[in-house]
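Residues per chain are reported as follows:
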Amino acid sequence: MTDPVKKEPAPTLGRAEKTRLTRRRIVAAAADLFLDQGYGATTLDQVAARAGVAVQTVYFHFGNKATLLKEALDVAAVGDDEPVALLDRPWLQEMTAEPDPVRVIELWTVGSREIMERVAPLLAVVRGTVGTDPDLAAQWDVNEGQRRTAFRALADLLAGRDALRRGLTVEDAADLAFLIASAENYVVATDTLGWAPERWRRTTASLLARALLGETPG
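Draft legend 1. How the structure looks around the packing of helix α1 (residues 15-37) against helix α3 (residues 55-62). Two numbers describe how α1 lies on α3: the axes approach to 11 Å, and their chain directions differ by 105 degrees. When the axis of α1 is compared with that of α3, the two are roughly perpendicular. Between α1 and α3, the contacting residues are Thr-19, Thr-22, Arg-23, Ile-26 and Val-27 on the first element and Thr-57, Val-58, His-61 and Phe-62 on the second. For the contact of α1 with α3, the per-class residue count stands at 4 nonpolar, 4 polar and 1 charged.

Right, here's the structure in full:
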């Protein structure tokens, strides 16, 4: 008779990892509730119940509902809660190293599509409440500022390759990119017009190439 195979004990999570998992559950629960029933109708008690934690835990980690929404937006923007800034993500590093300006725009719109699919529904929640909630109005301004910074980075990349069409400044290029690839246009395309996200991506890439480079992708 052989001895039974001994099972390896399950790894014990450290305090930092437990904290991270708790925060992740709370953020996921909040995002689901914001999308299901709206920001105003969602309470921190409901978030705590869905996340399986005490409401005091939600207050301890986030303090208030506006901060929780900000965290949900940040996680949606990058796709996880790793402490790596959006502009330091691998796909953006690949784009930074790409010499072909048309390919730079292609890579940008590939990454943008993935971000928009995650973040656009939450941005719609914020946009629908900014007129009645000063905290959300401030959060909207922060998000808009972050997006403008990202589009300025795209314009800088193209300018660094001497690829911007004649007479177009970096500032104007950033503004055009922000206008063309806005979250609002994504929502109109995919919701109002019923486009697939990939159609939005292809159309946006073509518009950006024409507006910023003066050419159409092949």
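Draft legend 2. Up close: the nonpolar core. Ile-26, Leu-68, Leu-69 and Leu-122 are the most contacted members of the largest nonpolar core, which totals 36 residues. Looking at this core, the elements with two or more residues in it are α1, α2 (44-51), α3, α4 (65-78), α6 (101-127), α7 (134-160) and α9 (183-192). Not counting chain neighbours up to four residues away, the residues in contact with Leu-122 comprise Ala-31, Phe-34, Leu-35, Leu-69, Ala-72, Leu-73 and Ala-76. Grouped together as the second largest cluster of nonpolar side chains are 29 residues, Ile-105, Trp-108, Leu-168 and Leu-212 included.

Draft legend 3. Layout of the confidence of the model for the chain. For the chain, the mean per-residue pLDDT works out to 85, and 86% of the residues sit at or above 70. At the low end of the mean pLDDT range in the chain sits helix α5 (residues 90-97), at 82; at the high end sits helix α10 (residues 197-213), at 97.

Draft legend 4. Representation of the pattern of salt bridges in the model. Taken as a whole, this structure holds 12 salt bridges when the rule is applied. The partner of Arg-147 in a salt bridge is Glu-144, and the shortest N-O contact between them spans 2.2 Å. Placement of both Arg-147 and Glu-144 in helix α7 is noted, with a separation of 3 residues, approximately one turn of the helix. For Arg-147, a relative accessible area of 14% puts it in the buried group. Each of the salt bridges in this network shares a partner with another, and the network as a whole consists of Glu-106, Arg-113, Glu-117, Glu-198 and Arg-201.

Draft legend 5. Highlighting the environment of Thr-22. Looking at the secondary structure, you find Thr-22 in helix α1. Sequence separation of Thr-22 and Thr-57 is 35 residues, and the distance between their C-alpha atoms is 8.8 Å. Discounting chain neighbours no more than four positions away, the residues touching Thr-22 are Val-53, Thr-57 and His-61.

Draft legend 6. How the structure looks around the packing of α2 against α3. Where α2 meets α3, the closest approach of the two axes is 8 Å, and the angle between their N-to-C directions is 105 degrees. By the angle between their axes, α2 is roughly perpendicular relative to α3. Residue-level contacts link Leu-44, Asp-45 and Ala-48 of α2 to Val-55, Val-58 and Tyr-59 of α3. Grouping the constituent residues of the contact of α2 with α3 by class yields 5 nonpolar, no polar and 1 charged.

Rules used throughout
Residues numbered from 1 in each chain as written. Predicted model: local features only at pLDDT ≥ 70, side-chain atom pairs only at ≥ 80, totals over all residues. Heavy atoms only, no water. Axes fitted to C-alpha atoms, helices over the stretch in contact; angles between N-to-C directions. Helix = DSSP H or I, 4+ residues; strand = E, 2+ residues; numbered from the N terminus. Parallel < 35°, antiparallel > 145°, perpendicular 65-115°, else oblique. Contact = heavy atoms within 4.5 Å. Nonpolar A, V, L, I, M, F, W, Y, C, P; charged D, E, K, R; others polar. Core = buried A, V, L, I, M, F, W, Y, C linked by side-chain atoms within 4.5 Å. Buried < 20%, exposed > 50% of the residue type's maximum accessible area, 1.4 Å probe, protein only. pLDDT = per-residue confidence, 0-100. Salt bridge = Lys/Arg side-chain N within 4 Å of Asp/Glu carboxyl O.

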